[in-house]
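Residues per chain are reported as follows:
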Amino acid sequence: MAKPSCGHIKDHVKAVKPSAKGCEDCLKTGDSWVHLRMCLECGHVGCCDSSKNRHARAHFGATSHPIIQSAERGEKWRWCYVDEIYLD
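Residues numbered from 1 in each chain as written. Predicted model: local features only at pLDDT ≥ 70, side-chain atom pairs only at ≥ 80, totals over all residues. Heavy atoms only, no water.

Visitor: Which residues make up helix H3 (residues 55-63), and what values do they have?
Guide: Among all positions in H3, only His55, Ala56 and His59 are buried. Burial along H3 is one-sided: seen end-on, the buried residues are contained in an arc of 105°. Close packing links the buried residues of H3 with helix H2 (24-29), strand E1 (36-39) and strand E2 (45-47). One or two positions beyond H3, positive phi appears at serine 64, with a value near 65°. (Buried < 20%, exposed > 50% of the residue type's maximum accessible area, 1.4 Å probe, protein only. Helix = DSSP H or I, 4+ residues; strand = E, 2+ residues; numbered from the N terminus. Arc of directions from axis to C-beta. Contact = heavy atoms within 4.5 Å.)

Right, dumping it as structure tokens:
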């Protein structure tokens, strides 16, 4: 069986730096988060789907930036929201 592929990497993954040291949106409101995700198109740092505000997913909804990477120490995985797959 063929491994699922993602055609978004070429056009949407850029050399970015994190926008904040925590969830950018939670920091503005004084809220908390569970885990952090970074947008690989613009560097926005948002909270994961296990966090109550789900700011990383909201960022995708607002911008259509499809690929995030875990911003947690020791984690290297990436995810495409459009294709709903983990990327190497």
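The structure having been displayed, the exposition proceeds.
Visitor: Before we move on, can you summarise the side chain of histidine 8 with the specific residues and values?
Guide: As for its position among the elements, histidine 8 is in the segment before helix H1 (9-12). Overall, histidine 8 belongs to the buried group, its relative accessible area being 18%. Polar side-chain contacts of histidine 8 include one of 3.1 Å to the side chain of aspartate 83. (Polar contact = N/O pair within 3.5 Å; in protein donor to acceptor, adjacent residues only side chain to side chain.)

Visitor: Tell me what's going on with the side chain of arginine 78, and back it up with residues and numbers.
Guide: Tracing the sequence through the fold places arginine 78 in strand E4 (residues 78-80). Judged by relative accessible area, arginine 78 falls into the buried class, the value being 17%. Ignoring any residue separated from it by four or fewer positions in sequence, one finds arginine 78 in contact with Ile9, Val13, Leu40, Ile67, Ile68, Gln69, Ile85, Tyr86, Leu87 and Asp88.

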